[in-house]
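Observations on the model geometry
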Amino acid sequence: MALVYAGVCSHAPGITGRADQADPAARDALYGAFDQMRRDIEATEPDVLVVMAAEHFANFFMDNMPSFAIGMADSYHGPIEDPAWLGIQRVQVPGNRELSERFIKQVMQTSDVSYAEEWKFDHGIMVPLHFLTPRYDLPVIPVNINCQGPPLTPLHRAWQFGRSLRAAADQLPERVAIVGTGGISHWPATPDSGKINVQWDNTFMDQWCRGDKEALLSYTDAQTYQDAGQGGFEIRAFIAVAAAGVDNGGRPAQGTVHFYEPIPIFSVGCTVASLSLGSGEASP
């Protein structure tokens, strides 16, 4: 079959955990964008949703930090955080071990990847699922890119990983949707929490929408840390989705930002965007 949907969104825990403290108009507009994303995903009738995030030391720590990992289980549990703090009750999320194994085997043809038969979801996956699969009735394949434990996954490897995800999706008979989740700019759990670099976010998302590989891979961790905080390292998930949007002819899919607004109480520039698969223009 093929990749039928590709998009990105924010996953900050405040989006659900501090909803009552946000400006109602901004919060409701963000929630509306998430709901539209849900409807867009449902319209493609996917058989599985690949959710790619940076997990936050919930499953992997410095004694075992893979650059890339994919879940391979029939079900997953989350959130690992206190439900009262996150605003999401603990649930069992469906997976599909057999499908995941076939997907992983295809990814392995072009990218080295670890797999995990046990995986506890933190807010990086649970916040998006809360909006995108509120009935938790769509099988999920979780994917982690190391954005948290230096040495971080190089950006060009994240791009190649995205190409491997696309190739794997194209080889499966099932319909595959991919959502990458993360920042963009944010300084979580620091004295600067709530700081958001709007100009940096807008520049990055413009490059993402154009599928500008050269620009997307030009960021350095040092500069990203300075301009976008340690949370900015999560651009790796966005970059991988942009790469997955490139078709077999080398044409990048064109992206649309459906929502972007800095919401300080959520500690991030909240973003919802998607790619128009199959409608890309020739690469420069």
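Residues numbered from 1 in each chain as written. Predicted model: local features only at pLDDT ≥ 70, side-chain atom pairs only at ≥ 80, totals over all residues. Heavy atoms only, no water.

**Points about unusual backbone geometry**
Just so we agree on the cut-off: In this description a helix means any DSSP run of H or I spanning at least four residues, a strand means any run of E spanning at least two, and both kinds are numbered starting from the N terminus. Partly exposed residues are those whose accessible area sits between 20% and 50% of the maximum for their type, while under 20% is buried and over 50% is exposed, using a 1.4 Å probe and protein chains only.
Going from G78 to P79, the amide bond is cis rather than trans, its omega being 0 degrees. One can find P79 in the loop between β4 (75–78) and α3 (83–86). Here the bond from P150 into P151 is cis, since omega is 5 degrees, no more than 30 degrees from zero. On the secondary structure map, P151 appears in the loop between β7 (140–145) and α6 (155–171). The residue E45 is not glycine, and still its phi comes out positive at about 50 degrees. Along the chain, E45 turns up in the loop between α2 (24–43) and β2 (48–53). A relative accessible area of 57% places E45 in the exposed class.

**Describing the confidence of the model for the chain**
Applicable threshold: The predictor reports its confidence for every residue as pLDDT, a score running from 0 up to 100. By the convention used here, residues are in contact when the closest approach between their heavy atoms is within 4.5 Å.
Looking at the chain as a whole, its pLDDT mean stands at 93, while 97% of the residues score no less than 70. Every residue in residues 279–284 is under pLDDT 50, and counting partners more than four places away or in other chains gives 13 contacts.

**Concerning the side chain of S100**
Structurally, the position occupied by S100 is in helix α4 (residues 97–107). Looking at S100, the relative accessible area reads 0%, which means it is buried. S100 has contacts with G71, M72, Y76 and I141, leaving out every residue within four places of it along the chain.

**Some remarks on the sheet that holds β2**
Under the convention used in this document: Two strands qualify as a pair provided DSSP detects at least 2 bridges between them. Interaxial angles span 0 to 180 degrees and are taken between N-to-C directions of axes, which are lines fitted to C-alpha atoms, for helices over the stretch in contact.
Here 8 strands make up an open sheet; going across it, the order is β6-β3-β7-β2-β8-β1-β10-β9 and the pairing mixed. The outermost strands of the open sheet, each flanked by one partner alone, are β6 (114–116) and β9 (254–263). Strand-to-strand, the axes of this sheet are offset by a mean angle of 20 degrees, without reference to chain direction. Both strand β3 (residues 68–71) and β6 contribute to a ladder of 3 bridges, which runs parallel. Its bridge partner lying in β6, G71 is registered against A116. Together, β1 (3–10), β8 (176–182), β9 and β10 (268–276) form the strand contacts of α2, whose direction differs from that of β1 by roughly 165 degrees. Sitting on the sheet, helix α7 (residues 198–210) is in contact with β1, β9 and β10, with an inclination near 165 degrees to β9.

**A look at the environment of F238**
With respect to the element layout, F238 can be found in helix α10 (residues 235–244). Residue class for F238 comes out buried when judged on its relative accessible area of 1%. Setting aside residues no more than four positions away along its own chain, F238 makes contact with V8, C9, G180, T181, G182, G183, F204, M205 and W208.

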